[in-house]
Amino acid sequence: MKTSRIMAAALLIVGSGFALHAAKAQQPGIQRTDLLQHDLGVPGREAVQVRVDIEPGAVSIKHAHPGEEVVYVLVGSLEYLLEGRAPVTLRAGEALFIPAGVAHVAKNVGSGKASELATYIVEKGTPLVVPVK
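Everything numeric here is computed off the predicted structure, so don't read it as measured data.

Got a sec to walk through a nonpolar patch on the surface? Specific residues and values, please.
A grouping of Tyr 72, Leu 74 and Val 75 is seen on the molecular surface, where their side chains present a nonpolar patch of about 230 Å² in accessible area. In this fold, Val 75 is placed in strand β4 (residues 68–75).

Following this line, the structure appears as structure tokens:
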């Protein structure tokens, strides 16, 4: 029984490492900088903040998150295409709420670098970014 617990803990640690690696994987023209990861007052939930810098014309992969995302555009113009919705373009100072599990794509539609502050409210231990086909 003790061996089963040790194996389960080892698998959880390895799985968490893979999730962290997937969340930090960089795409050409897109750079993610982790800023904050902190437990919330709700057991098993955490807040994660990431700065995302996107070169002109760069497009993210189609992806979703296991929790809610709040996007705040710091610099430039970004177009967001959320599954089932019309595209929306945000400029510096504007924000967008993306519900948990909603597939989406972000694209820099401006002529210069764009940056967003992404805040995720997620369950601890889950992959932050989940690619969607």
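Any details on the pattern of salt bridges? Residues and values, ideally.
Considering all chains together, one arrives at 5 salt bridges under this definition. Of the charged contacts, one joins Glu 68 and Arg 45 as a salt bridge, the two residues approaching to 3.5 Å between their closest N and O atoms. With Glu 68 in strand β4 and Arg 45 in strand β2 (residues 45–54), the pair connects residues that are 23 residues apart, well separated along the chain. With a closest N to O distance of 3.5 Å, Glu 55 and Lys 113 form a salt bridge. Here Lys 113 lies in the loop between β8 (104–108) and β9 (114–123) and Glu 55 lies in the loop between β2 and β3 (63–64), a separation of 58 residues in the sequence.

Mind laying out the sheet that holds strand β1 (residues 30–39), listing which residues take part and the relevant values?
Strand order in the open sheet formed by 5 strands is β1-β2-β9-β4-β7, and the pairing between neighbours is antiparallel. Bordering the open sheet on either side are β1 and β7 (95–98), each of which pairs with just one other strand. On average, each strand axis in the sheet is tilted by 20° relative to the strand beside it, whichever way the strands run. Pairing geometry for β1 and β2, over 9 bridges, is antiparallel. For His 38, the partnering residue across the bridge sits in β2 and is Ala 47.

Conventions used here
- Residues numbered from 1 in each chain as written.
- Predicted model: local features only at pLDDT ≥ 70, side-chain atom pairs only at ≥ 80, totals over all residues.
- Heavy atoms only, no water.
- Patch = residues over 30% accessible without salt bridge, like charges linked within 9 Å, V, L, I, M, F, W, Y side chains within 5 Å.
- Areas by Shrake-Rupley, 256 points an atom, 1.4 Å probe, with all protein chains shown as cover.
- Salt bridge = Lys/Arg side-chain N within 4 Å of Asp/Glu carboxyl O.
- Helix = DSSP H or I, 4+ residues; strand = E, 2+ residues; numbered from the N terminus.
- Pairing = 2+ DSSP bridges.
- Axes fitted to C-alpha atoms, helices over the stretch in contact; angles between N-to-C directions.

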